[in-house]
Amino acid sequence: MDQKKTTLDLFNNVDLATELRLGLPGTDNQPEIIKSSLSGNKRTSSEMGSSTCTDENESRFSPPTKEQVVGWPPVRSYRKNILQVKKTESEMGSGMYVKVSMDGAPYLRKLDLKMYQSYEELMKGLQVMFKCIIGLYFEREGYNGSQHVPTYEDKDGDWMLVGDVPWEMFISSCKRLRIMKSCEARGLGDC
Amino acid sequence: MDLNQKRTRTVDRVDSVDPDLVSPESTPMCPFPDEVLEPVLSLINSHKDRSSVSLVCKDWYNAERWSRRHVFIGNCYSVSPEIVVGRFPKIRSVTLKGKPRFSDFNLVPEDWGADVYPWLSVLAKAYPFLEELRLKRMAVSDESLEFLAMNFPEFKALSLLSCDGFSTDGLKAIATHCRNLAELDIQENGIDDLGGDWLSCFPETLTTLQVLNFASLNSEVSFSDLEKLVTRCKSLRVLKVNRTINLDQLQKLLLRAPQLTELGTGTFTQDLVTRPVADLEATFGSCKNLLTISGLWDTNSLYLPVIYPACASLTFLNLSCAALRSFELAMLLIHCKSLRRLWVLDTVGDMGLEAVGSWCPLLEELRVFPADPFEQENVAGVTESGFVAVSRGCPKLHYVLYFCHQMTNAAVATVVQNCPGFTHFRLCIMNLGQPDYVTNEPMDEAFGAVVRTCPNLQRLAVSGLLTDLTFEYIGKYAKNLEILSVAFAGSSDLGLKYVLGGCPRLRKLEIRDCPFGNAALLSGLTKYESMRSLWMSACNLTMNGCRVLAKEMPRLNVEVMKDEDSEDSQAHKVYIYRTVAGPRRDAPPFVLTL
């Protein structure tokens, strides 16, 4: 389990010349290495800028980047996964515009899927944009009873009924939307 | 009267009192006859008090060992199961802790030990009527769970916290065979989740369940079986479901169990609304006994208000799985006037913490966890101002765990001035070696203020840029300190020497990546027997230093964990603990006991 390198191991390959420099902050990003009295002890000194760190015997850390330090910050592994989903969303970049077509409409529209947090909000947005009623989604019957059925084209090029998969999965695979007339949508919602 | 004679009588006596054997006179040391002493002692539950009682005299030692029903073993290697069962003949409940705490952060290699099986096989013979087992950081296999289920017919309560090595198959065995099960509490374990069918193994005849916590398991369980279980267990008071349970299902469960005192919800949002949330709000309103709510995964301002009707009497709110924003937290806390404990993610920001200070005057415990612990740029989170805001509004605050990216000495000094009653102060400045970001000085004065101002401090975790001065303060002022956690701090051996030379009550000391060497280690020679354990990793210890310690203190186990990267003379990871059981017989090849 202990595969990642620790702080000390990071500097294994660096030249252990004893050299303390007091430079202005930002002049040089190289971490300084101080050879301490005990062998095998690898410490770095951080550039304190105009601080009073002149004592050669004082060891300081140049903080390594967090990913390289095992077990730091001291957060239990189950906590690290809690926000996995939210992070993926924010990493997708700003704006997720997809084309939306409605059967019978003279031109297409575009909307930003990231403006919505849920299917409910998306439906409301679509209904407002196209002045249509889409109605409620039922797991088995699909959008039974309404005149319009929202569908989308996924990454594989297949046309899917909107609402079957979790929201996050939907927005990561939706390439375009199409609001079909329900008479044409027969067969999409049936199991 | 001969003390030995009396002791024999005490040992021979079973539970009923034979008047012929009771001596009318007693030794001057112990004026109470046993039939008075034992009922009195049976009222004492704290294991520390019982330990004190047992030291008074031999009569009290005996009376105490016969009346003890619960044994707490803080380090499973400090004693052997044989010694425990030899001393305490009538135990009903065992608590066992295993691995060093830093194993939570992957600093302890797998297969290190703390296997519960050797304990179970001894306990099965000595305590066939064992009712409760609580394990923390133990290695638990499915075989162990099966053994437990099959060999203890009266078994009632199982609690597994931070354990690993088992799968849901082990849980199946527990559910199937423990006919009187009242508590199944599975938390934060390294468990192999093979599916949710373990829940369906509870027999239809089982009605005794009071506590069911499977929040940390990922697989879906059969909802209808869960609903039936909840319906027939009328004494159920704690129910914590996992993320796969949706709002509709939660609604149904709450209707079946309005008597719950602790609730852990499942996913607290829905993609498509098929029923208005007003129903759920009313249901929460009908749960009059709720004291704790947790779970609340993925919740947001659309769904969170559903719990408002239950908030007035809540004492503990665990929002550490819900990435709330400041205004969402504020709106919620307005309703939570009785709150004593609050756990949140740092997404609430300083403004969220200001709301805490404004609305929760009775708050005693606050834990702020980082939502994104490894993010380095664009970090939001909480700062020193949120910390100060809470301290201003919550004078009763005595437990804090605070993860942040920046802090100042002045802020910490203000916080402890506002709340001098701290017993647990755990501050984690996540950037390593970070000084006071305003003055650029080390954070020494912050922790100096903590130990000077808070006389009741029992537990302290330090962070940020720290010199030996911090430890000088700790050694000098922290008279009640029992647990100290140190990482990437200190300048020289002096730091550790200060702590070992002071802190008379120190029990657990865990240190990583500090420049403390052999001289510092050896300065604490006489102290380690009064402590439970010492952990030092990535410090400046050598094998020779550890060997000297092991030689001088034969009643300590000095264990060095070798890893391939470190040099042979270095002692990269050292774990030292007092024991009456001698060196471990189950140590893996990478653990050397010196």
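Anything mentioned here points back to the structure above.
Residues numbered from 1 in each chain as written. Chains lettered and ligands numbered in written order. Predicted model: local features only at pLDDT ≥ 70, side-chain atom pairs only at ≥ 80, totals over all residues. Heavy atoms only, no water.

J.: Could you give me a rundown of the overall build of chain B, with the residues and numbers involved?
T.: Across its full length, chain B holds 20 helices and 23 strands. The C-alpha radius of gyration of chain B comes to 26 Å, within 12% of the 25 Å expected for a compact globule of 594 residues. Scored against the burial criterion, the 594 residues of chain B give a buried share of 58%. Of all intrachain contacts in chain B linking residues separated by at least 6 positions in sequence, the fraction that spans at least 24 positions is 70%. (Helix = DSSP H or I, 4+ residues; strand = E, 2+ residues; numbered from the N terminus. Rg over C-alpha atoms; globule rule 2.2 N^0.38 Å. Buried < 20%, exposed > 50% of the residue type's maximum accessible area, 1.4 Å probe, protein only. Contact = heavy atoms within 4.5 Å.)

J.: Please provide a residue-by-residue account of the packing of helix H6 (residues 117-126) of chain B against helix H7 (residues 142-151) of chain B, values included.
T.: All names here are of chain B. Running from N to C, H6 and H7 cross one another at 10°; their axes reach a closest spacing of 10 Å. By the angle between their axes, H6 is roughly parallel relative to H7. Between H6 and H7 lies a crossing whose hand is left-handed. Along the contact surface, H6 presents Tyr117, Leu120, Ser121 and Ala124, while H7 presents Glu143, Ser144, Phe147, Leu148 and Asn151. Partitioned by chemical class, the residues of the contact of H6 with H7 number five nonpolar, three polar and one charged. (Axes fitted to C-alpha atoms, helices over the stretch in contact; angles between N-to-C directions. Parallel < 35°, antiparallel > 145°, perpendicular 65-115°, else oblique. Left-handed = near helix turned anticlockwise from the far one by under 90°. Nonpolar A, V, L, I, M, F, W, Y, C, P; charged D, E, K, R; others polar.)

J.: Mind laying out the packing of aromatic side chains, listing which residues take part and the relevant values?
T.: One pass over the full model with this rule turns up 23 aromatic pairs over all chains. Consider the rings of Tyr119(A) and Phe170(A), whose centres lie 5.2 Å apart with planes at 50°: the pair is tilted. Of the two residues, Tyr119(A) is situated in helix H4 (residues 119-130) and Phe170(A) in helix H5 (residues 167-173); the sequence distance between them amounts to 51 residues. The same class applies to Tyr119(A) as to Phe170(A), namely buried. Plain terms: the ring middles of Phe425(B) and Phe447(B) are 6.5 Å apart, the flat faces sit at 85° to each other, and that makes the pair edge-to-face. Placement of the pair is Phe425(B) in strand S16 (residues 424-429) and Phe447(B) in helix H16 (residues 444-453), with a sequence separation of 22 residues. For Phe447(B), a relative accessible area of 0% translates into the label buried. (Phe/Tyr/Trp six-rings, centres within 6.5 Å; stacked < 30°, edge-to-face > 60°.)

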